Amino acid sequence: TVKAIEVGDADPTVPGEEIWACLSGWNDEGGIESNLTEIYKQGDQWVTKLIFQNPTALVANVRIGELWSDHIGNELIVAELSGWFRLLYYQDGEFKVEDIFQSDTISGQSSGLEGLAIGDFNPLNEGDEAIVTGYYNKVTQLIEVDGQVVDDLAWSKDVVDPRLEI
């Protein structure tokens, strides 16, 4: 199943833009496994490459942008229903994965992430930032600070009863 798709240039070894797809299916234990797959045209053939795999949770969304000035080229960001926000970038012949943060609810449970956007929405920061949200009553900005991409709470909603929190 295709959960999300993005088009952009994040792989310097491929001329032009690539297609990036969040794909999912059932694992051997009856649960979900998911991955981020790169798709591009080479001559008259389509090429697919597995870039990142989560064997137990859904990779829900992907976006491409220039978020990290210490790295040349665009980065990929992914949001997972496991609550992880990850940054992927190409370096030394392969894609590297950085775990940036894991969302949690007011009761301390991991909470799924799904919504992603990249843009220059913060006038106090030069360049693009990312924004992520999910099922945890928060909107989190991802921004470069002192050469690192870090999470910064942009908005939250207090929940009267944590049992009602999604």
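Peer 1: I would appreciate a short explanation of the overall build of the protein in the present structure.
Peer 2: Across its full length, the protein carries zero helices and 12 strands. Along the chain direction, N to C, the helices and strands of the protein fall in the order β-β-β-β-β-β-β-β-β-β-β-β. In summary, the protein has a C-alpha radius of gyration of 16 Å against a globular reference of 15 Å for 166 residues, a match within 12%. Taken along its principal axes, the extent of the C-alpha atoms in the protein is 55 × 45 × 20 Å. For the protein, the proportion of its 166 residues judged to be buried stands at 45%.

Peer 1: Mind showing me how you'd approach the environment of A79 here?
Peer 2: Its location among the elements puts A79 in strand 6 (residues 75-80). Sequence separation of A79 and Q102 is 23 residues, and the distance between their C-alpha atoms is 9.6 Å. In contact with A79, not counting residues within four places along its chain, are L58, V59, A60, N61, W84, L113, E114, L116 and V132.

Peer 1: I keep staring at the nonpolar core and nothing clicks. Help me out?
Peer 2: Soluble globular proteins tend to pack their nonpolar side chains together in the buried interior. The biggest cluster of nonpolar side chains holds 16 residues, and the ones touching the most others in it are F85, F101, V132 and L142. Those elements that provide at least two residues to this core are strand 6, strand 7 (84-91), strand 8 (94-102), strand 9 (113-119) and strand 10 (129-134). For this core, the element with the most residues is strand 7, which contributes three residues. Ignoring anything within four residues of it in the chain, the contact list for F85 reads I77, V78, E98, D99, I100, F101, L113, L116, V132 and L142. Counting residues in hydrophobic clusters, the runner-up holds 15 residues, among them C22, V62, L88 and Y90.

Peer 1: I would appreciate a short explanation of the pattern of salt bridges in the present structure.
Peer 2: Once the charged atoms of two side chains with opposite charge are near each other, the side chains can pair. Under the definition given, this model contains five salt bridges. With a closest N to O distance of 2.7 Å, K3 and E114 form a salt bridge. Of the two residues, K3 is situated in strand 1 (residues 2-8) and E114 in strand 9; the sequence distance between them amounts to 111 residues. Under the relative-accessibility criterion, K3 is labelled partly exposed at 36%. In this structure E114 comes out as buried when scored by relative accessible area, which is 19%. As a salt-bridge pair, K49 and D11 come within 3.9 Å of each other at their nearest N and O atoms. Of this pair, K49 sits in strand 4 (residues 45-54) while D11 sits in the loop between strand 1 and strand 2 (18-26), and the two are 38 residues apart along the sequence. Ionic contacts of the salt-bridge type, sharing partners, join the residues E80, R86 and D99 into one network.

Peer 1: It is not clear to me how the sheet that holds strand 3 (residues 32-42) should be interpreted in this structure. Could you clarify?
Peer 2: Sheets are built from strands that pair by backbone hydrogen bonding, the pairs being arranged parallel or antiparallel. Pairing in this open sheet of four strands is antiparallel, and the strands run 1-2-3-4 from one edge to the other. Both edges of this open sheet fall to strand 1 and strand 4, since each of them pairs with a single strand only. Across the sheet, the mean angle separating the axes of adjacent strands is 25° when strand polarity is ignored.

Peer 1: In this structure, what is going on with the environment of K138? I would like to understand it.
Peer 2: Of note, K138 is situated in strand 11 (residues 138-145). On the accessibility criterion, K138 (25% relative accessible area) is partly exposed. Here K138 is in contact with D104, V132, T133, L153, W155 and S156, once residues within four sequence places are set aside.

Peer 1: Which parts of the structure should I look at to understand the environment of V2?
Peer 2: Tracing the backbone through its elements, the reader meets V2 in strand 1. Not counting residues within four places of it along the chain, the set of residues in contact with V2 comprises C22 and L23.

Peer 1: Honestly, the side chain of D11 in this entry has me stumped. Any pointers?
Peer 2: Residue classification places D11 among the buried positions, given a relative accessible area of 1%. There is a polar contact of 2.6 Å between the side chain of D11 and the side chain of T13. Discounting chain neighbours no more than four positions away, the residues touching D11 are E18, W20, E38, K49, Y90 and F95.

Reading the values: the criteria
- Residues numbered from 1 in each chain as written.
- Predicted model: local features only at pLDDT ≥ 70, side-chain atom pairs only at ≥ 80, totals over all residues.
- Heavy atoms only, no water.
- Helix = DSSP H or I, 4+ residues; strand = E, 2+ residues; numbered from the N terminus.
- Rg over C-alpha atoms; globule rule 2.2 N^0.38 Å.
- Buried < 20%, exposed > 50% of the residue type's maximum accessible area, 1.4 Å probe, protein only.
- Contact = heavy atoms within 4.5 Å.
- Core = buried A, V, L, I, M, F, W, Y, C linked by side-chain atoms within 4.5 Å.
- Salt bridge = Lys/Arg side-chain N within 4 Å of Asp/Glu carboxyl O.
- Pairing = 2+ DSSP bridges.
- Axes fitted to C-alpha atoms, helices over the stretch in contact; angles between N-to-C directions.
- Polar contact = N/O pair within 3.5 Å; in protein donor to acceptor, adjacent residues only side chain to side chain.

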